[in-house]
Amino acid sequence: MNSDLVFLEGIRDERGLLVALESHKNIPFDVKRVYYLTDLKSLEPRGFHAHKNLKQLAVCLRGSCRFILDNGFEKKTYNLENPTTGLLIGSLVWREMDQFSDDCLILVLASELYDENDYIRDYEIFKKEVSK
Ligand code: T46
């Protein structure tokens with residue numbers, strides 16, 4: 001799978017924790033877009049799509065959540081609950097997110113600007129795309 005957890009080294013001192021995210025240092029792409037998800041509902045799963053080209057790094061800055069990634073051949077579940085753990089999500093990976101804690105805050109860094117044409121929202125079309 002072209003997706004995995006990455007450890008994001010932080011700098012901790014008596015004042016708290018600072019984690020720096022830098023393109024081509026701990027993020028393997030140029031960051032063109034940043035967004036965050038909050039006010040999530042534990043019973044309202046999200047995702048259910050893949051992207052043709054987009055690569056992303058998701059970090060659960062506060063609280064916890066679950067990502068289920070599927071490359072069409074293999075499915076993996078990741079529990080994110082730590083601001084020093086990032087989940088790199090490659091292109092052509094179907095994602096579903098759920099089990100959001102009430103305080104969950106997810107930061108996402110993306111390799112491309114928002115483009116609805118990059119989405120594959122139909123699982124059967126996704127399966128055909130990865131089987132090419
Ligand atoms: C992913 C997870 C973690 C924008 O206008 N700009 C944006 O940058 C994004 C990401 C979304 N939108 C619009 C598109 C929809 O009308 O916001 C609405 C919700 O987006 P979406 O249904 O894609 O949200 P999620 O939470 O299902 O998925 C998003 C990302 O799309 C996805 O790539 O990995 O967050």
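Heads up: the structure comes first, above all this text.
Residues numbered from 1 in each chain as written. Predicted model: local features only at pLDDT ≥ 70, side-chain atom pairs only at ≥ 80, totals over all residues. Heavy atoms only, no water.

(A) Quick look at the overall build of the chain. Along the chain, the regular secondary structure elements total 1 helix and 12 strands. Listing each helix as α and each strand as β along the chain from the N terminus yields β-β-β-β-β-β-β-β-β-β-β-β-α. In terms of overall dimensions, the chain is globule-like: its C-alpha atoms have a radius of gyration of 15 Å, near the 14 Å expected for 132 residues. Taken over the C-alpha atoms alone, the chain extends approximately 50 × 35 × 25 Å along its principal axes. By residue count, 39% of the 132 residues in the chain fall in the buried class. Restricting the contact set of the chain to residue pairs at least 6 apart, pairs at least 24 apart contribute 79%. Per element, the accessible surface of the chain, about 8,000 Å² overall, is 49% carbon and sulfur. Distance between charge centres in the chain, computed from 18 positive and 22 negative side chains, equals 3 Å. (Helix = DSSP H or I, 4+ residues; strand = E, 2+ residues; numbered from the N terminus. Rg over C-alpha atoms; globule rule 2.2 N^0.38 Å. Buried < 20%, exposed > 50% of the residue type's maximum accessible area, 1.4 Å probe, protein only. Contact = heavy atoms within 4.5 Å. Areas by Shrake-Rupley, 256 points an atom, 1.4 Å probe, with all protein chains shown as cover. Lys, Arg positive; Asp, Glu negative; His and termini not counted. Charge placed at Lys NZ, Arg CZ, Asp CG, Glu CD.)

(B) Region of the structure containing the nonpolar core. Counting 17 residues, the largest nonpolar core has Cys65, Phe67, Leu69, Leu87, Phe100, Cys104 and Ile106 as its most contacted members. When residues in this core are grouped by element, the largest group, 3 residues, is from strand β7 (residues 65-70). If near-sequence neighbours (up to four positions away) are discounted, phenylalanine 100 is found in contact with Leu40, Lys41, Ser42, Glu44, Pro45, Arg46, Ser64, Cys65 and Ile106. The next biggest cluster of nonpolar side chains, apart from the first, holds 8 residues, and it includes Leu8, Ile27, Leu107 and Leu109. (Core = buried A, V, L, I, M, F, W, Y, C linked by side-chain atoms within 4.5 Å.)

(C) Examining the pattern of salt bridges more closely. Under the counting rule described, the total for this entry stands at 6 salt bridges. Two residues, glutamate 112 and lysine 32, come together in a salt bridge whose shortest N-O distance is 3.3 Å. Of this pair, glutamate 112 sits in the loop between β11 (105-110) and β12 (119-120) while lysine 32 sits in the loop between β3 (16-19) and β4 (33-37); the two residues are 80 residues apart in sequence, bridging distant segments of the chain. (Salt bridge = Lys/Arg side-chain N within 4 Å of Asp/Glu carboxyl O.)

(D) Up close: the sheet that holds β4. Read across the open sheet, the 5 strands follow the order β1-β9-β6-β11-β4; overall the sheet is antiparallel. The sheet is open, and its two borders are formed by β1 (4-7) and β4, each paired with just one other strand. Between one strand axis and the next, the sheet turns by 25 degrees as a mean value, whatever way the strands run. As paired strands, β1 and strand β9 (residues 85-89) are joined by 4 bridges and run antiparallel to one another. Looking at the pairing, valine 6 lines up with glycine 86 of β9. (Pairing = 2+ DSSP bridges. Axes fitted to C-alpha atoms, helices over the stretch in contact; angles between N-to-C directions.)

(E) Spotlight on the packing of aromatic side chains. Under the criterion given, the structure shown has 4 aromatic pairs. A centroid spacing of 5.1 Å and a plane angle of 85 degrees characterise the contact between tryptophan 94 and tyrosine 123, whose relative ring orientation is edge-to-face. Remark: tyrosine 123 occurs in helix α1 (residues 123-130) and tryptophan 94 occurs in strand β10 (residues 94-98); sequence separation between them is 29 residues. Ring plane angle 45 degrees and centroid distance 5.5 Å describe the contact between tyrosine 123 and phenylalanine 126, whose orientation is recorded as tilted. Within this pair, tyrosine 123 and its partner phenylalanine 126 are both found in helix α1, separated by 3 residues, close to a single helical turn. Residue classification places tyrosine 123 among the partly exposed residues on the basis of a relative accessible area of 29%. Its relative accessible area of 0% is what places phenylalanine 126 among the buried residues. (Phe/Tyr/Trp six-rings, centres within 6.5 Å; stacked < 30°, edge-to-face > 60°.)

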